[in-house]
Amino acid sequence: MDPSRLVNNASGWTDKGAGDVHDVHSYPNPKCPPAEEKRACVLGEFGGLGLAVEGHMWKKENWGYKGMADADELTRTYEKLLRGVYDLKDSSGLCAAVYTQTTDCEVECNGLLTYDRLVKGDLARIAAANQGDFSKVPPPPVTKTVVPTSEETGLEWRYTTDKPADGWMRPGFDDSAWKKGPGGFGTKATPGAVVRTEWKTADLWLRRDMEVPDQKFTSLQFRVHHDEDVEIYVNGVLACKLKGFQSEYEERPMTPEGKAALKPGKNLIAVHCLQTMGGQYVDVGLVDVVPAKAK
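Cut-offs and rules
Residues numbered from 1 in each chain as written. Predicted model: local features only at pLDDT ≥ 70, side-chain atom pairs only at ≥ 80, totals over all residues. Heavy atoms only, no water. Helix = DSSP H or I, 4+ residues; strand = E, 2+ residues; numbered from the N terminus. Rg over C-alpha atoms; globule rule 2.2 N^0.38 Å. Buried < 20%, exposed > 50% of the residue type's maximum accessible area, 1.4 Å probe, protein only. Contact = heavy atoms within 4.5 Å. Areas by Shrake-Rupley, 256 points an atom, 1.4 Å probe, with all protein chains shown as cover. Lys, Arg positive; Asp, Glu negative; His and termini not counted. Charge placed at Lys NZ, Arg CZ, Asp CG, Glu CD. Salt bridge = Lys/Arg side-chain N within 4 Å of Asp/Glu carboxyl O. Arc of directions from axis to C-beta. Polar contact = N/O pair within 3.5 Å; in protein donor to acceptor, adjacent residues only side chain to side chain. Phe/Tyr/Trp six-rings, centres within 6.5 Å; stacked < 30°, edge-to-face > 60°. Lys NZ or Arg CZ within 6 Å of the ring centre and 35° of its normal.

(A) Just the overall build of the chain, in detail. Along the backbone of the chain there are three helices and 18 strands. At 21 Å, the chain has a C-alpha radius of gyration in line with the 19 Å of a compact globule built from 295 residues. Taken along the three principal axes of its C-alpha coordinates, the chain extends 70 × 45 × 40 Å. In the chain, which comprises 295 residues, the share counted as buried stands at 45%. When contacts within the chain are restricted to residue pairs at least 6 apart in sequence, those whose partners lie at least 24 apart make up 65%. Surface accessibility of the chain: about 15,700 Å² in total, with carbon and sulfur atoms responsible for 52%. Where the 37 positive side-chain charges of the chain centre and where its 43 negative ones centre are 3 Å apart.

(B) Local environment of the pattern of salt bridges. Per the counting criterion, the structure on display carries 17 salt bridges. The salt bridge partner of Arg39 is Asp15, with a shortest N-O separation of 2.9 Å. With Arg39 in the loop between β2 (21–26) and β3 (40–47) and Asp15 in the loop between β1 (8–11) and β2, the pair connects residues that are 24 residues apart, well separated along the chain. The residue Lys89 makes a salt bridge to Asp90 at a minimum N-O spacing of 3.8 Å. With a relative accessible area of 63%, Asp90 lands in the exposed category.

(C) Representation of unusual backbone geometry. Residue Tyr27 is joined to Pro28 through a cis peptide bond whose omega torsion reads -10°. Along the chain, Pro28 falls in the loop between β2 and β3. Cis geometry is found at the peptide bond from Gly183 to Gly184, where omega equals -5°. Tracing the sequence through the fold places Gly184 in the loop between β9 (179–182) and β10 (185–186). Within the chain, Trp13 stands out as a residue other than glycine whose phi angle is a positive 75°. Along the chain, Trp13 turns up in the loop between β1 and β2. For Trp13, a relative accessible area of 69% translates into the label exposed. The phi torsion at Glu106 lies on the positive side, around 55°, for a residue other than glycine. Inspection of the secondary structure assignment puts Glu106 in the loop between β6 (94–100) and α2 (123–130).

(D) Highlighting α2. For α2, every residue scored as buried is listed here: Arg125, Ile126, Ala128 and Ala129. The buried residues of α2 occupy an angular sector of 160° when the element is viewed end-on, so they sit on one face. Looking one or two residues beyond α2, the residue adopting positive phi is Gly132, at roughly 80°.

(E) The arrangement of the side chain of Ser247 in detail. The residue Ser247 is located in the loop between β15 (237–242) and β16 (250–253) in this model. The class for Ser247 is buried, based on a relative accessible area of 16%. Side chain to side chain, Ser247 and Asn29 meet in a polar contact 3.5 Å long. Ignoring sequence-local partners within four residues, the contact set of Ser247 consists of Pro28, Asn29, Pro191, Gly192 and His225.

(F) Main features of the packing of aromatic side chains. Going through the model one piece at a time under the given rule, you end up with ten aromatic pairs. Considering the side-chain rings of Tyr27 and Tyr65, the 3.9 Å spacing of their centres and the 15° angle between planes classify their relative orientation as stacked. Residue Tyr27 is located in the loop between β2 and β3, and its partner Tyr65 is located in the loop between β4 (49–50) and β5 (66–67); the two are separated by 38 residues in the primary sequence. Each ring, one from Tyr86 and one from Phe134, has its centre 6.1 Å from the other, and the planes form 75°; the classification is edge-to-face. Of this pair, Tyr86 sits in helix α1 (residues 71–92) while Phe134 sits in the loop between α2 and β7 (142–147), placing them 48 residues apart in sequence. Exposure remark for Tyr86: the relative accessible area of 24% places this residue in the partly exposed category. Classification of Phe134 as buried rests on a relative accessible area of 16%. These aromatic residues form a ring-pair network of at least three members: Tyr27, Trp63 and Tyr65. Sitting over the face of the ring of Trp157, Arg208 holds its NZ or CZ atom 5.5 Å from the ring centroid.

Structure (structure tokens):
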């Protein structure tokens, strides 16, 4: 009706080949639709880095597509995503990208600003990344494997899909009736998954022994890929709790209580993963994260 305006026939998911724009959605990492002669390639939604800031939330309940531990992780991950956007601009002809989202919206805490408009991350670095300037990005940390995941080699776990008795995460619990299988666990259509044991139920419980060297570590963290909510225990103590999902392996911090429960030698790692919709996957290892020295 108005030929002066561009038409986006569908923002994500249901493109029918009409209009002036081919618009896709991708969480959290950016992607680009195939180049076309007569329509612009647009990333209509991406990101969704969730960080709830105490005292600046609409209400206590909150969610994000991908949970961030703190403002530093939010800033670093945002820079990584924006670098990917600019790479797609140069390599694939991406014409526009819309980050999700500018501000928190009630219980959705995916904003770069809180519900009451407090900037969450490093403003100067975020602004630079928006303009394609990544000179302010600090060098990435060095990760050293302490307990491997099953990315390269499938490690054996005890597992069950039936709700176990209380104390299932503690050393000494009798898991002899549980099945044995190599990690990771999930469905093969899940992005970034290395599935060696298929898991299709709503819940999965895992246990295995891990050997931790007797040495000094800089910053012990879990290397984890989860879809969706996951709880990780060390020797019966809750050491990490993550909501939502990830589409790749990433490092996530341990709780102080989890670090205190860890000891040199033999330790028990236990995992509970909850699935509600979409893909599903879980795999966990342990790494030491060493900050890189700036040049």
